[in-house]
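# Commentary on secondary and tertiary structure
One-letter residues, chain by chain:
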Amino acid sequence: MAKVLIADDSIAVRKVAERLLTEAGFGVTLAANGEEALACLSKEIPDLVVTDVIMPDKSGYEVCAFVRAQRTLANTPVLLISGIVNDEVTKQAEACHADGVLKKPFQGTSLKDRVIELLAKRQSVVAPSAEKVTEFIIPTLGVQVSKEQGEFYRQAFVRLKPLEEELLLERERAAHSAQRIAELEGQVGRVQELESALAMERGQTAQMKRQLVEADNATARVQELESVLKTERGQMAEVKNQASLVESLGERVRELEMALQKERDERAEEVACLTELQKNASRAKELEEALHAERQAATQLVEQITEMEQGATRSQMLAQEFAQALAAEQETSKGLAVRLSDAERALENATQNDTLLQTERERNSLLMKRVSESEHASEQATNRFEEMARKLGEIAELASQLGNGKRRS
């Protein structure tokens with residue numbers, strides 16, 4: 001699989017070229033600028049280089065010159081791509097010994113066809129020479145050579161071919177330089193002859209022409225500088241406008257950040273107050289429910305106390321009645337005692353007196369029992385009344401505390 005290095009600062013061009021060549025079956029390596037392309041070339045040797053003419057750091061011409069200056073890369077085809085293809089681009093491509101220039105954006109399969117053409121041209125140059133050298137070497141040696149040895153010789157020739165081409169290229173450059181030097185020397189001699197022959201006649205005219213040419217050049221240079229200065233001023237004004245806009249945007253961003261932080265702080269305070277209010281509301285609701293429950297309990301206690309007071313009153317009344325009955329019974333007992341004395345003295349009434357006495361004793365015992373029960377019930381009622389009074393005091397104190405807490409919230 002042939003490997004192709006694509007160098008272009010436009011990601012869109014790189015992706016399009018990668019897709020076209022990948023679909024054609026080539027292995028593709030991408031470089032975003034000239035420096036990346038040179039780094040890739042120093043690590044591996046591609047079969048073909050496709051590079052953009054204008055890039056931020058290294059131009060396509062410089063990449064092509066680097067390829068031609070390397071011994072291992074000298075025969076690698078270099079295809080330049082450019083959005084503008086004119087005489088100037090063509091001349092510079094020829095000067096750096098590029099294999100061609102292709103206009104972008106690419107039309108149809110133009111890139112794929114051009115890459116296939118350059119690779120086929122390179123193989124057609126290398127393969128026949130290798131076969132001829134193999135055919136020449138084998139008979140000369142006069143020995144039988146296996147296919148593996150023949151292949152090894154062909155590969156050796158392929159490695160030697162770049163060296164020979166580089167040597168021929170250097171020789172051509174040296175011959176061209178010598179020819180150019182000779183031409184320059186001849187021109188210098190001819191100029192010296194002309195200057196010596198026409199020094200007296202055309203000295204002033206030549207001086208005036210030189211001054212005129214210098215003035216024209218200076219005028220053109222001034223116009224060019226004025227145009228560049230105008231362009232630079234326009235760019236500088238645009239940059240200043242953008243800088244002022246960026247500063248204003250930065251100030252606005254800072255103001256918005258401060259306002260947002262302030263809003264966040266206020267929102268946090270409001271959330272904290274709301275949480276506290278919710279807690280207080282929940283606490284107040286709980287207290288209200290507890291107060292309502294305590295009020296109901298207090299009402300029940302008051303009712304129970306009232307009932308107990310009524311029971312105590314009835315008990316006291318019963319106790320008084322029992323006391324009066326006891327007093328009456330005591331008087332009656334005294335009377336009975338007198339009568340008993342009289343009955344003792346009367347034998348005929350002894351049986352009756354004994355029966356009456358026993359009856360009175362039983363009644364007295366019953367009365368004493370009822371009096372004891374009344375006193376016990378009265379004592380229990382008093383204790384229950386005191387306990388309920390104490391609980392009512394605690395409930396009143398708790399209700400007072402709840403009311404004070406509710407008024408403070």
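The following refers to the structure shown. (Residues numbered from 1 in each chain as written. Predicted model: local features only at pLDDT ≥ 70, side-chain atom pairs only at ≥ 80, totals over all residues. Heavy atoms only, no water.)

### Focus: the overall build of the protein chain
Selection criterion: To qualify as a helix, a DSSP run of H or I must reach at least 4 residues; to qualify as a strand, a run of E must reach at least 2; elements of each kind are numbered from the N terminus. Only protein chains enter the accessibility calculation, which uses a 1.4 Å probe; a residue is then buried when its area is under 20% of its type maximum, exposed when over 50%, and partly exposed in between. Only heavy atoms matter for contacts: two residues are in contact if any of them lie within 4.5 Å across the pair. All accessibility values rest on the Shrake-Rupley procedure with a 1.4 Å probe; residue burial counts only the protein chains present in the view.
Each helix and strand counted, the protein chain has 7 helices and 5 strands in total. Within the protein chain, buried positions represent 22% of all 409 residues. Here the contacts in the protein chain between residues at least 6 apart in sequence split such that 64% fall between residues at least 24 apart. Accessible area of the protein chain: about 29400 Å², with a carbon and sulfur share of 55%.

### Focus: the sheet that holds strand 4 (residues 78-82)
Let me state the cut-off plainly: Note on pairing: two strands pair once DSSP finds at least 2 bridges between them. Each axis is a line fitted through C-alpha atoms, and for a helix only the stretch in contact is used; angles between axes span 0 to 180 degrees, taken between their N-to-C directions.
With respect to topology, 5 strands assemble into an open sheet ordered 2-1-3-4-5, the strand pairing being parallel. If you trace the sheet from one side to the other, it starts and ends with strand 2 (27-31) and strand 5 (100-103), each paired once. Neighbour-to-neighbour, the strand axes of this sheet turn through a mean angle of 20°, independent of strand direction. Strands in contact with helix 1 (residues 11-23) are strand 1 (3-7), strand 2 and strand 4; relative to strand 2, the strand with the most contacts, it is inclined by about 170°. In the packing of helix 3 (residues 60-69) onto the sheet, contacts are made with strand 3 (48-52) and strand 4, and the angle to strand 4 comes to roughly 175°.

### Observations concerning the state of the cysteines
The test is simple: Criterion for a disulfide: a pair of cysteine sulfur atoms within 2.5 Å.
Evaluated as defined, the whole model comprises 0 disulfides. The closest cysteine sulfur to the non-disulfide-bonded C64 is located on C96, 3.7 Å from its own sulfur. You can call C64 buried: its relative accessible area is 0%. Take C96: its relative accessible area is 9%, and that puts it in the buried class.

### What to know about the environment of L356
Locating L356 in the fold gives a position in helix 7 (residues 350-408). Separated by 20 residues in the primary sequence, L356 and L336 have C-alpha atoms spaced 8.4 Å apart.

### Let's talk about helix 3
In plain terms, the rule: Here the arc refers to the directions that run from the helix axis out to each C-beta atom.
Along helix 3, the positions that sit buried rather than exposed are G60, Y61, V63, C64, V67 and R68. The arc that holds every buried residue of helix 3, seen down its axis, measures 160°, which confines them to one face.

### Remarks on the pattern of salt bridges
Stated precisely, the cut-off is as follows: What counts as a salt bridge is simple: a side-chain nitrogen of Lys or Arg found within 4 Å of a carboxyl oxygen of Asp or Glu.
Scanning the entire structure with this criterion turns up 9 salt bridges. The partner of R19 in a salt bridge is E23, with the nearest N and O atoms 3.8 Å apart. Placement of both R19 and E23 in helix 1 is noted, with a separation of 4 residues, approximately one turn of the helix. Salt-bridge contacts for R252 lead to E255; the nearest nitrogen and oxygen are separated by 3.7 Å. With a gap of 3 residues between them, R252 and E255 both fall in helix 6 (residues 147-345), about one helical turn apart. By relative accessible area, R252 is classed as partly exposed at 47%. Bridged by salt links that share partners, the residues D8, D52 and K104 form one connected network.

### Looking at a negative patch on the surface
The condition that has to hold: Each patch groups residues whose relative accessible area exceeds 30% and which form no salt bridge, using 9 Å between like charges and 5 Å between nonpolar side chains of Val, Leu, Ile, Met, Phe, Trp and Tyr. As used throughout, the charge tally considers Lys and Arg to be positive and Asp and Glu to be negative, leaving His and the chain termini uncounted. A charged residue contributes its charge at one atom only: NZ of Lys, CZ of Arg, CG of Asp or CD of Glu.
Together, D9, E35, E36, D57 and E62 make up a negatively charged patch on the protein surface. Within the fold, D57 resides in the loop between strand 3 and helix 3. Under the relative-accessibility criterion, D57 is labelled partly exposed at 33%.

### A short note on the side chain of T51
You can see T51 is positioned in strand 3. In contact with T51, other than residues within four places in its own chain, are A7, G60, V63, V78, L79, L80 and I81.

### Remarks on the packing of helix 2 (residues 34-43) against helix 3
For clarity, the cut-off: Here the angle decides the label: under 35 degrees means roughly parallel, over 145 means roughly antiparallel, 65 to 115 means roughly perpendicular, and every other value means oblique. Definitions for this section: a left-handed crossing has its near helix turned counterclockwise from the far helix by less than a right angle. A right-handed crossing has that turn clockwise. Following the grouping adopted for this structure description, the nonpolar residues are Ala, Val, Leu, Ile, Met, Phe, Trp, Tyr, Cys and Pro, the charged ones are Asp, Glu, Lys and Arg, and the polar ones are all others, Gly among them.
For the pair helix 2 and helix 3, the least separation of the axes is 10 Å and the interaxial angle reads 15°. Classified by the angle their axes make, helix 2 and helix 3 are roughly parallel. Seen from above, helix 2 lies across helix 3 with right-handed handedness. Each of G34, L38 and L41 in helix 2 lies in contact with helix 3, whose residues at this interface are V63, F66 and V67. Looking at side-chain class alone, the contact of helix 2 with helix 3 contains 5 nonpolar, 1 polar and no charged residues.

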